[in-house]
Each structure stands twice: as C-alpha cells, then as structure tokens.
Amino acid sequence: MTAQASAINTPTDSTQTRRHKLTLLFHNQPDKSVVLEVDEGTSILHACMENAIHLQHNCGGVCACSTCHVIVKKGMENLPEMTDEEEEQLDEAVGLTLSSRLGCQSKLYGDVTVLIPDQSIYLGH
Ligand code: FES
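So, how was this worked out
Residues numbered from 1 in each chain as written. Predicted model: local features only at pLDDT ≥ 70, side-chain atom pairs only at ≥ 80, totals over all residues. Helix = DSSP H or I, 4+ residues; strand = E, 2+ residues; numbered from the N terminus. Buried ≥ 20, exposed ≤ 12 C-beta atoms within 10 Å, placed from the backbone. Contact = placed C-beta atoms within 7 Å. Core = buried A, V, L, I, M, F, W, Y, C linked by C-beta atoms within 7 Å. Pairing = 2+ DSSP bridges. Axes fitted to C-alpha atoms, helices over the stretch in contact; angles between N-to-C directions. pLDDT = per-residue confidence, 0-100.

A. Spotlight on the overall build of the protein chain. The secondary structure content of the protein chain amounts to 3 helices and 5 strands. Along the protein chain, helices and strands appear, N-terminal first, in the series α-β-β-α-β-α-β-β. When burial is assessed residue by residue, the protein chain has 26% of its 125 residues classed as buried. Expressed as a percentage of contacts within the protein chain between residues at least 6 apart in sequence, the contacts between residues at least 24 apart total 66%.

Written as structure tokens, this is what we have:
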C-alpha cells in the first residue's frame, strides 16, 4: 500500500461518506435476504431502486401513498424520527405494525434490517 493510498483510507478522513448495511427480508420469499451497502442518508426506497429490488412507490417517493411500507426488524434507532406526515400516511398502509415505516421517508444513519411486505397486492410501479 502506498503512502497516498493509506492517507485516502484513513478513518478520520472527513470527506469520506459513511456507509451502512441495509438488510432486506422478503415476505414472499422467506429464505431470501439481500444485504446492500448504502451511503449514509440514503432512503430505503432509493437503495431498493438503485439495486433493482422491487418496492412499490406509487406516489414516486413523496409521502403520499404508503405503498412503500416496510417493517423494521432491526435498527429503528438508526432511522430518523417519524414526521407527522409520515405517520399520517403510514396509517393507510396494508398490514401496519408498530415497527412500520415508509421506505421513501426512512433514511439510513446506521445498519437497518427491514421486511418488505407482499408487493403483489399493489397495482402500478
Ligand atoms: S412512495 Fe408513496 S409514500 Fe413512499
């Protein structure tokens, strides 16, 4: 390793974007899990879209449909607090749980594991 490469990889380098693990579990495929490494601040929906993972998003990710509903299994503390808008929209989600969040509103600030509910119940994209 060169001195220059070592300097670039120094953990104290403040220009480096922190990355976190997003683990996805699937209601319709209980044996499947996918682990994505994403930049801090990336939403669950955006991470799924970037990696060709189907997560419904009928409103396009603007907190107006609830079809991007996910169930957080681990790491709720690594997501921002829910806004009033998200809470209101989440009430419309199918199969709502106490650990439900909207994928488009949930940005990662640490490792998170979520279950993607049955996506076959939705029409649209
Ligand atoms: S995509 Fe519509 S609320 Fe998240």
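B. Molecular detail of the nonpolar core. Membership of the largest hydrophobic core comes to 17 residues, with the highest contact counts inside it found for L22, I44, L45 and V114. Contributions of two or more residues to this core are made by β1 (19-26), α2 (44-50), β3 (69-74) and β5 (112-116). Per-element tally for this core: the top contributor is α2, with 4 residues. The contacts of I44, once residues within four sequence positions are left out, are L22, V70, G103, S106 and V114.

C. Spotlight on the sheet that holds strand β2 (residues 29-39). With mixed pairing, 5 strands are arranged side by side in an open sheet as β2-β1-β5-β3-β4. Edge positions in the open sheet fall to β2 and β4 (100-102), since each of these has one partner strand only. On average, each strand axis in the sheet is tilted by 35° relative to the strand beside it, whichever way the strands run. Bridge count between β1 and β5: 5 bridges; the pairing is parallel. When the sheet's bridge partners are listed, L25 is paired in β5 with L115.

D. Looking closely at the pairing of β1. As paired elements, β1 and β2 share 8 bridges and run antiparallel to each other. Looking across to β2, one finds that K21 is bridged to E37.

E. Expanded view of the environment of V72. Position of V72 among the secondary structure elements: in strand β3. Here the alpha-carbon distance between V72 and G103, two residues 31 residues apart in the chain, equals 9.9 Å. Discounting residues that sit within four places of it in the chain, V72 has contacts with S99, R101, V112 and V114.

F. Up close: the confidence of the model for the protein chain. Averaged over every residue, the pLDDT of the protein chain is 89; residues scoring 70 or more account for 86%. A low-confidence stretch, residues 1-10 (pLDDT under 50), is modelled with 2 contacts involving residues beyond four sequence positions or located in other chains.

G. Structural detail: unusual backbone geometry. If you check the backbone angles, C63 has positive phi at about 65° while not being a glycine. Topologically, C63 is positioned in the loop between α2 and β3. Of the residues examined, C63 has 16 C-beta atoms within 10 Å and is grouped as partly exposed. Unlike most non-glycine residues, S66 shows phi in positive territory, near 75°. For S66, a count of 21 C-beta atoms within 10 Å puts it in the buried group.

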